[in-house]
Every structure is written in C-alpha cells, then in structure tokens.
Amino acid sequence: MGVNRRKRLETVQRLVVKVGTSTLTYSNGKLNLYRIERLVREMADLHNRGMEVILVSSGAIGVGANRMGLKKIPTTIPEKQALAAIGQGALMQLYEKLFSEYNLTVAQVLLTRGDFDERIRYLNATNALLSLLKMEVIPIINENDTVAVEEIRFGDNDTLSALVAGLVDADMLIILSDVDGLYDADPRSSENARLLSRVEEITPEMEASSHNRGSSFASGGMYTKLKAARICMASGITMIIANSAEDNVIRRIIAGEEVGTLFVPRGVKMHAREKWLAFGTLVQGYIEVDEGAATALTKKGRSLLASGITGIAGEFERGSVVGVKSPKGQEIARGIVHYSAGEIRLIAGRKSSEIEHILGEKDYDEVIHRNNLWVVR
Ligand code: GLU
C-alpha cells in the first residue's frame, strides 16, 4: 500500500491545500497560531522544493467573530457577511506575515459561485490563478462571503477547494480537518470504527452515514468532504482527507506515508470544458430524451438531435447549460444548447431537416453538439 501511495504522489506538482476553521482556531474562537505557523512552514518548504501550492483557507467568519469579541457566530446572513469582511483582512494579514518570513508572496483571491457558473468568468479565474502560480506567488482562496448571497453560495470550502483544484488542473487536493479521515463507522459511537486508508468508490452507504454524522463528526461535515472527493475523483485529481493536528502532516502525505484517507481518482483527467460542464456551472433546465437518443449520447459519442427529444423542463435561452435525462429520469449528460427551451418545444421529436421550416431559421442541426456535451459516468 505504501509503495502504491508513494508512486501516486511522486508526480504531484500542483497542490491545493484546504484548511478549515477548526484547524485555524481553538474551540474558544482564538487563532491556533502554533498550528497555522507549522502549516505555513510546510507549504513554504514544498514551494521551495519547486511545487506549486494553492491554499484554500476558511476562517474569515470565525476570525471576524473573535475580533469583535463575540462568543458565538451569529446566525443572520448580514452579520456573517460583515464578520467575513472583518475576518478576511485579519486572516490575510496573518498569512502575509507568516509566508513573508520565508520570503514568499501571497495573493488573496475571493471567489463566488458565479465565477464558476459563467464560462467566461471561469476562464478568467483560471487565468488569474495560473498567472499567480507563474509568478511563484501562493494564492490564498476563500469564498467571497461578504457579497455571496445564500442562493449562490457554496457555503463550504470543501466543495470550493475541489472546484479550485479542477480549475487549475491540480494533481492533488489535501483537505486538512479535525478528523483523521473517513471511517467505516462513526468513531465517536463505535469503538471498532476503522480508518479507511484508501477509497476507490464512494458508496451510497458512505454518503448516507456522512449525512447522519453531520457536523458533530467533522466541523465542515463529512458530507461536503465526500462531495469534494466525488468531484476530484471524476476530474482525475487525487484527494486526501487528513488531520491537521498530526505533525508534519503535509510533508508526510507527499512522502507517501499512510496518513489520512486517500481517494483514488479515475485514470483519465477530464478536459477543462468537461469539468466546467460537470461541476462548475449550474444547470438551467432539463431535456428528456428517448432510449435511442440516450444510447447515442452515452454509448456512441453522438450529438443530441431534436428527433430524440421527448420533453423539456424549465425555461432557458440559447447557450444555456442544461441536463439531459433518460426515459427513466436519470441525468445522463449535460451540455450547451443551440436552441432555447421555447424553440426546442416546437422542434422536439422532429427531423433536423424540418427545423428551418418550423422556426423560420436554422443555424444548427444539433440541439447540443457533442463537443459541448459531458456524459455522466
Ligand atoms: N468561507 C467561510 C469562512 O471563511 C468558511 C466556509 C467553511 O467553513 O467551509 O469563514
């Protein structure tokens, strides 16, 4: 097993590290300076070794609350937004100070769901991050909590860090938390709970039990960590969950030691466009297709034509991202449509040669071209 891990980790060149609020602060809300210093030192050392390191750091709201002398984190959104604005600056000041002790420059990048949702913003964010890496700067990322309203929030940095790893095409994501990794049962209630060193597939049971454990099991919850693992595995990125309290945790992971739980990615890396379709953007509506079209899309790599469409759900414009559902109601693909929902309602079930007659114009034969399609695996 150790050899296996070492092999996988030998090639890691671009690394995303995510640290949660529970890692950065004590339970009384004050900063755990010892631990932050240690992690910064480890990341600085990896950077000096020639690795590209990106940090996704939570803690803005927690640090803000502490700054304002609050005993508990408030529940209303405007208060949390205000605290994030206060805490983010304080957090960056600390990182700036610590990384600069090792002569390294950091950059603050605050992202929102919208930056992933729109293709052009997604590409802009990618370019900005890649430029920072080229300048040998360490990007420090958080969600822009102060402006992100509830409906468009990630709400958790686990998901954000997996999307960031996809955005920059990282080789590995390390999620540091206050748990040792994923167990086969809840370690708090079951003495026999065993830490899983390696996960090849996320089972429905794992997901169900991560729900139950909720936030008493891990601060961000195991549920969001499994969601992050799903994204990484599908994108071809290795992910590890480990306990930030372990000595030299990052260095030991990179050295291939059996620390935490490793989620084994699929063999092939996803293309950037596929990743964006699969995880970046939100779906605007659904197209239902017949059995023949479902097979053509999933097995034969074909485009989606109007003739195989049996129904539409939702309203969307040309150029929107929509999900494609099989007759059983399963989402089998996602893609960018050439026609609006209204237009597709008119041409559904009809031959491509009839489109011009029905709509009065025809720019495309396909409703979704296969180059703009991602098939769910
Ligand atoms: N963005 C939030 C913060 O900085 C943290 C989200 C999370 O804990 O995952 O406070």
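Up top you'll find the structure we're talking about.
For every chain, the first residue of the written sequence is number 1, and numbering continues from 1 onward in sequence order. Residues qualify for local features only when their pLDDT is at least 70, as the model is predicted, and side-chain atom pairs are given and counted only at 80 or more; totals for whole chains, interfaces and linings, by contrast, use all residues. Note that the side-chain values use all heavy atoms of the structure and ignore hydrogens as well as water.

**Digging into the nonpolar core**
- Definition used in this section: a nonpolar core is a set of buried Ala, Val, Leu, Ile, Met, Phe, Trp, Tyr and Cys residues joined via side-chain atoms within 4.5 Å. Throughout this description, buried means an accessible area under 20% of the type-specific maximum (1.4 Å probe, protein chains only), exposed means over 50%, and partly exposed covers the range between. By size, the foremost hydrophobic cluster in this structure holds 50 residues, and its most contacted members are F116, I141, M239 and F263.
- Mapped by element, the contributors of at least two residues to this core are β2 (52-57), β3 (106-111), α7 (119-134), α8 (157-167), β5 (172-177), α10 (222-235), β7 (238-243) and α12 (272-280).
- It is α10 that provides the largest number of residues to this core, a total of seven residues.
- Membership of the second largest hydrophobic core comes to 39 residues, among which are L15, L24, V63 and V259. Helix numbering and strand numbering both begin at the N terminus, where a helix is a DSSP run of H or I of at least 4 residues and a strand a DSSP run of E of at least 2.

**Notes on the site of the ligand**
- Throughout, near means a residue has at least one heavy atom within 4 Å of the molecule or strand. Around the ligand, the structure places S58, G59, A60, I61, N142, D145, G155, D156 and N157.
- I61 is positioned such that a nitrogen or oxygen atom in its backbone is 3.0 Å from an oxygen atom of the ligand.
- Residue N157 places a main-chain N or O atom 2.7 Å away from an oxygen atom belonging to the ligand.
- Note on areas: these come from Shrake-Rupley sampling with a 1.4 Å probe, and a residue is covered only by the protein chains present in the view. In isolation the ligand has 300 Å² of accessible area, and contact with the protein removes 85% of it.
- Residue type decides the class: Asp, Glu, Lys and Arg count as charged, Ala, Val, Leu, Ile, Met, Phe, Trp, Tyr, Cys and Pro as nonpolar, and the leftover types, Gly among them, as polar. Taken together, the residues that form the shell around the ligand break down as two nonpolar, five polar and two charged. Identification of polar contacts relies on pairs of N or O atoms within 3.5 Å, with a donor-acceptor requirement for protein atoms, meaning one able to donate a hydrogen and the other able to accept it, and with residues adjacent in sequence counted only if both atoms are side-chain atoms.

**Considering the packing of helix α3 (residues 33-48) against helix α5 (residues 77-101)**
- The interhelical angle for the contact between α3 and α5, taken along N-to-C directions, is 50 degrees, at an axis separation of 10 Å. In terms of orientation, α3 lies oblique with respect to α5. As α3 runs across α5, the sense of the crossing is right-handed. Residues L33, I36, E37, V40, M43 and A44 of α3 pack against L94, Y95, L98 and F99 of α5.
- Residue composition of the contact of α3 with α5, by class: nine nonpolar, no polar and one charged. Here an angle of 0 to 180 degrees is reported between the N-to-C directions of two axes, which are lines fitted to C-alpha atoms, with helices fitted over the stretch in contact. Angles are sorted into four bins: roughly parallel if under 35 degrees, roughly antiparallel if over 145, roughly perpendicular if 65 to 115, and oblique for all others. In this scheme, a crossing is called left-handed if the near helix is turned counterclockwise away from the far one by less than a right angle; it is called right-handed if the turn is clockwise. The contact definition used throughout considers only heavy atoms, calling two residues in contact when any of these lie within 4.5 Å.

**Observations regarding the sheet that holds strand β11 (residues 309-313)**
- Taken together, the five strands give an open sheet; going across it, the order is β11-β9-β12-β13-β15, and neighbouring strands pair in mixed fashion. For this open sheet the edge positions go to β11 and β15 (373-375), each flanked by a neighbour on one side alone. When strand polarity is set aside, the average angle formed by the axes of neighbouring strands in this sheet is 25 degrees.
- Bridge count between strand β12 (residues 321-325) and strand β13 (residues 331-336): five bridges; the pairing is antiparallel. By the bridge assignment, V322 is partnered in β13 with G335.
- Sheet strands in contact with α12 are β12, β13 and β15, and its direction is about 115 degrees off that of β13. When DSSP locates at least two bridges between a pair of strands, those strands are taken to pair.

**Examining the pattern of salt bridges**
- Salt bridges are counted wherever a side-chain nitrogen of Lys or Arg sits within 4 Å of a carboxyl oxygen of Asp or Glu. Per the stated rule, a full pass over the model turns up 20 salt bridges.
- Its salt-bridge partner being E52, residue R14 comes within 2.8 Å of it at the nearest N-O pair. Placement of the pair is R14 in strand β1 (residues 14-19) and E52 in strand β2, with a sequence separation of 38 residues. Per residue, the accessibility class of R14 equals that of E52, and both read buried.

**Regarding the sheet that holds β1**
- The strand order across the open sheet formed by eight strands is β3-β4-β2-β1-β5-β7-β8-β6, and the pairing between neighbours is mixed. Only two strands of the sheet have a single neighbouring strand rather than two, namely β3 and β6 (198-199).
- The sheet strands contacting α5 are β1, β2, β3 and β4 (138-143), and the helix crosses β3 at an angle near 150 degrees.

**Describing the pairing of strand β9 (residues 286-289)**
- Where burial is concerned, the two faces of β9 differ: the one with I287 and V289 is buried and the one with Y286 and E288 is not.
- Here β9 pairs with β11 via four bridges, running antiparallel. Bridge pairing in β11 places Y286 opposite A313.

**Focus on unusual backbone geometry**
- If you check the backbone angles, E136 has positive phi at about 60 degrees while not being a glycine.
- Residue class for E136 comes out exposed when judged on its relative accessible area of 56%.
- Here N248, not a glycine, exhibits a phi torsion of approximately 45 degrees, which is positive.
- Of note, N248 is situated in the loop between β7 and α11 (249-254).

**Description of the pairing of β13**
- Counting buried positions over the six residues of β13 gives five, a clear majority of the element.
- In this antiparallel pair of consecutive strands, β12 and β13, the connection spans five residues, and G329 shows a positive phi of 90 degrees.
- Where β13 and β15 come together, three bridges link them in antiparallel fashion. Considered in β15, the bridge of R334 is made with W374.

**A word on the side chain of R14**
- Polar contacts involving the side chain of R14 include one to the side chain of E52, which spans 2.8 Å.
- Residue contacts for R14: discarding those within four places in its chain leaves E52, L130, L133, V168, D169, A170, D171 and M172.

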